[in-house]
Amino acid sequence: MKKMLLLYALLMVCFMGQTQASVTGPPTYSTPAAHVPPSITACFLEDLLAALREASGEDGRVMPGAFGTCAAAAGNLAILSDLAMEAREAGGGLERLHHNQVSLLETDEEEALMLNFGFPQSPLLQQKPVLLLALENPIGGGHLDQITFTSPSLHRNTQVVCLSEGTQYILLTGQAAKGDQNWRLFIDTKSPKMKKRMKELLTGGNMLKITVTPVLLFTRQEDSSPSVGDSSRPISFLCELRRFLSGVLPQRRPDTPPLRLDTLRAPPPVTLDPSSSESELAYLINSSAPTVFSFTGSTYHVHRGELAMPQGLLDEVRRNLELNLAGAMEILRDKADSQRSFRRLQRLWELCAFSKLDSVSGESQYRAFLLLKALKMVGREVMPQSRATRSQPEPSTRTSTCRLKSLTVSLQSFLVGPNTANINNCHGLCTFPLVNTKDHAVLLNWHIENGGTQERAPCCVPVEYESLEVVDLNQHGTHLYTHPDMVAKKCGCR
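In this report, the structure presented in the accompanying data block is examined. The structure presented is a predicted model; accordingly, all values stated were derived computationally and were not measured.

Let's talk about the overall build of the protein
Here comes step 1: Looking only at helices and strands, the protein features ten helices and 19 strands.
Here comes step 2: Residue burial in the protein is summarised as follows: out of 494 residues, 48% are buried.
Here comes step 3: As presented, the protein carries roughly 23900 Å² of accessible surface, and 53% of it is formed by carbon and sulfur atoms.

Pasting the structure below:
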C-alpha cells in the first residue's frame, strides 16, 4: 500500500511540473446542396472535454491554439479560459446540443462562404451558448490568417478567429434564443486562396461531404441532470486510452494502405470477462508481446468490461503496473510534449481506480489490465526512439551484416490506437562468419565462394518470432486474439 501511494505521489509531482458590426441582407448563392454531416463517434465529446482541459496549464495560463482564439477576440479568449476551468474541475459539467444537418454554400461574393445548420428545440437555448465548430482533423501545414464570422445568432454579430497549425475547434459565442435555432454563418476569408483552404477544412476537399461538426455548449445548472449526450465512465477510460496511445506511439501515414487484421489467422480468442481463467490471465499479464487495441462495434455502445481476478493475480497486476508506470514516466520525459502525456496518464490512472488495495471492483480490474498492456506497448515502442535520440550509433564495419531492423506496418484506423505495429525485418549480407546459421548455409556459402555462383546465396531471414496481441472491444464484449509468429525476433542466414 505504501509503495502504491508513493508511486501515485510521484505521479502527481511529475504532472504538476508541467468589434461590433451589423449583418447585411442575404446574398445569392451557388451550389446550395445540403449534406448530412458525419456521425459523432463515442469519443467525440470526450475528446472535446479533453481538449478543453488541456487548453490551460497547471498555472491556469490558457493555451488557445486548438480553439482558434486570439488577441483579436479577447472576449472569446476569456470564455475559453472559463470553459477550460469548468472541464478541469467538473470533468463534465457542460450540457451539449448537437446539430441536425449542415450545408456549406458559396456566395456571389468572391471570398465568402456560408455555413448553415440547426439545433433542436431545447430549454438550453434560452442561455447564452458557446458554439464550437469541430474540424475532422487538426490544421496542419502552415498558418492561416484571421477569419471573420458574421451571423445574427452570434453575440456581437461579428467575431474573429485565428486559425493556425494545430487548431481543431473554432470557438464562437452565441445569442440566447427560443425554440428551434437555425444558424447561418457568413465566413469572410479575405482572399480566393484562403477561401479554397477553408473549403478544404470544412469538407475535407470534397464538397459532397461536410466534415465540420457544430456543437453548442452550456454551463450545466446545479439542479440539472446529466444530458443524454454525456459519456459514461467506461467510455471515458477507453477514449483517454486512445488519446494517450495516439500521442506517444507512431501513427499510420495517410498515404499507406492499412492491413486488415481479420485477414490473419489466429487461434480462438480469450474472452476478457469474469469467466476468464486465472492461467490465461496470468499468461497475458506477464506477456511481453506487442499489443494493439481495436474498437470494432457500434461507436455509441457503452462498453462495460469486468474481470474477477483472485488476490494473488491482483497483486501481480499491481507489481507489473508499478514497474511499467515508472518506466513509462521515465521514457515520456524525453518527449517534447511530455507534460500533456503525463496529464493523460494521470487521468488514465484516476479512471482506472486501482490504487485501493482493500476494494478493487471488476471494472477497475478490467481497466487496470488494459492500462498494463498499453504501458508495456509504450515501453516497447517508445524506448528505442528515446535511446536513438540520446546517442547516435558509431559507424561499424558490421552494419551490412545480417541483423534485425525495425519495420512499422500500417493497420486499420481503430477507434483506440495505435494503428501501426512494429513487426521488424531482417536485412544485411550473409558472408563469413554467418550468424545464427545451419550447416546447409555454411556449406552453401563455401560452395559459392569457390565458384558455384549459379546457386542461391544464403539469405538473411527471421529465424525466431513472437506473437502480436489484439484486444478487440465490441458490443459483444472484449476479446484478446494472439496472432503467432507475427513479429520477427531474431535473424539468421538460411
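Having seen the model, we can carry on.
Focus: the state of the cysteines
In a disulfide, the sulfur atoms of two cysteines are held together by a covalent bond.
Here comes step 1: Counting across every chain of the model gives three disulfides.
Here comes step 2: With its sulfur 2.1 Å from that of its partner, cysteine 402 forms a disulfide with cysteine 460. A torsion of 80° about the S-S bond marks the disulfide between cysteine 402 and cysteine 460 as right-handed. With cysteine 402 in the loop between α9 (362-390) and β14 (403-405) and cysteine 460 in strand β18 (residues 460-474), this residue pair connects regions lying 58 residues apart in the sequence.

So, the nonpolar core
Here comes step 1: Ranked by internal contacts, the top residues of the largest apolar core, which has 46 residues, are Phe244, Leu321, Phe369, Leu370 and Leu371.
Here comes step 2: Within the residue set of this core, elements represented by two or more residues are α5 (233-248), α6 (278-286), α7 (311-332), α8 (338-352), α9 and β18.
Here comes step 3: Among the nonpolar cores identified, the runner-up in size contains 32 residues, and Val102, Phe149, Trp183 and Leu216 belong to it.

Details of the pattern of salt bridges
Here comes step 1: Under the defined criterion, the tally for this structure stands at 16 salt bridges.
Here comes step 2: Ionic pairing is found between glutamate 54 and arginine 344, a salt bridge with its closest N-O pair at 2.8 Å. Within this pair, whereas glutamate 54 is found in the loop between α2 (44-53) and α3 (74-90), its partner arginine 344 is found in helix α8, the two being separated by 290 residues in sequence.
Here comes step 3: The buried category is assigned to glutamate 54, whose relative accessible area is 18%.
Here comes step 4: Overall, arginine 344 belongs to the buried group, its relative accessible area being 10%.
Here comes step 5: Among the charged side chains, a salt-bridge network with shared partners connects Asp47, Arg53, Glu240, Arg242, Arg243 and Arg347.

Details of the pairing of strand β8 (residues 158-162)
Here comes step 1: With respect to burial, β8 is a largely interior element, five of its five residues being buried.
Here comes step 2: Alternating positions in β8 separate into two faces, Thr158, Val160 and Cys162 on one and Gln159 and Val161 on the other, with burial throughout.
Here comes step 3: Relative to β8, strand β7 (residues 146-150) is paired through five bridges, and the arrangement is antiparallel. Pairing of threonine 148 across the sheet is with valine 160, part of β8.

Considerations on the packing of α6 against α7
Here comes step 1: One can describe the packing of α6 onto α7 by two numbers: an axis separation of 11 Å at closest approach and a directional angle of 10°. Comparing their axes, α7 and α6 come out roughly parallel. Contacts between α6 and α7 involve Glu278, Leu281, Ala282, Ile285 and Asn286 from the first element and Leu313, Glu316, Val317 and Asn320 from the second.
Here comes step 2: Grouping the constituent residues of the contact of α6 with α7 by class yields five nonpolar, two polar and two charged.

Regarding the environment of isoleucine 79
Here comes step 1: With respect to the helices and strands, isoleucine 79 occurs in helix α3.
Here comes step 2: The class for isoleucine 79 is partly exposed, based on a relative accessible area of 24%.
Here comes step 3: As for isoleucine 79 and leucine 172, which are separated by 93 residues in sequence, their C-alpha atoms are 9.3 Å apart.
Here comes step 4: Among residues more than four places away in sequence, those in contact with isoleucine 79 are Val130 and Thr173.

Here we look at unusual backbone geometry
Excluding glycine, most residues fall at negative phi; most peptide bonds, likewise, are trans.
Here comes step 1: A cis amide bond, omega -5°, links phenylalanine 432 with the succeeding residue proline 433.
Here comes step 2: Position of proline 433 relative to the elements: it lies in the loop between β17 (425-427) and α10 (439-449).
Here comes step 3: Phi angles above zero are rare outside glycine, and asparagine 424 is one such case at about 65°.
Here comes step 4: One non-glycine residue, asparagine 436, lies in positive phi territory at about 40°.
Here comes step 5: Tracing the sequence through the fold places asparagine 436 in the loop between β17 and α10.
Here comes step 6: A relative accessible area of 39% places asparagine 436 in the partly exposed class.

Basis of the calculations
What you see as residue numbers is a count from 1 along each chain, following the sequence as written. Given that this is a predicted model, residues contribute local features only at a pLDDT of at least 70 and side-chain atom pairs are listed and counted only at 80 or more, while totals for whole chains, interfaces and linings are drawn from all residues. Computation of side-chain values covers all heavy atoms of the structure but excludes hydrogens and water. Strands are runs of DSSP state E lasting at least 2 residues, helices are runs of H or I lasting at least 4, and numbering of each runs from the N terminus. For each residue, the accessible area found with a 1.4 Å probe, counting protein chains only, is set against the maximum for its type, and the residue is called buried under 20%, exposed over 50%, and partly exposed in between. Calculation of accessible area relied on Shrake-Rupley with a 1.4 Å probe; when residues are assessed, cover is drawn exclusively from the protein chains displayed. Disulfides are defined in this document as cysteine sulfur pairs within 2.5 Å. Residues belong to a common nonpolar core when they are buried Ala, Val, Leu, Ile, Met, Phe, Trp, Tyr or Cys residues joined through side-chain atoms within 4.5 Å. A carboxyl oxygen of Asp or Glu within 4 Å of a side-chain nitrogen of Lys or Arg is what we treat as a salt bridge. One bridge is not enough; two strands pair if DSSP finds at least two bridges between them. Axis definition: a line fit to C-alpha positions, over the contact stretch in the case of helices; interaxial angles, taken between N-to-C directions, run 0 to 180 degrees. Here roughly perpendicular refers to angles of 65 to 115 degrees, roughly parallel to angles under 35, roughly antiparallel to angles over 145, and oblique to all remaining angles. Contact definition: two residues touch when any of their heavy atoms are within 4.5 Å. In this classification, the charged set is Asp, Glu, Lys and Arg, the nonpolar set is Ala, Val, Leu, Ile, Met, Phe, Trp, Tyr, Cys and Pro, and all remaining amino acids, among them Gly, are polar.

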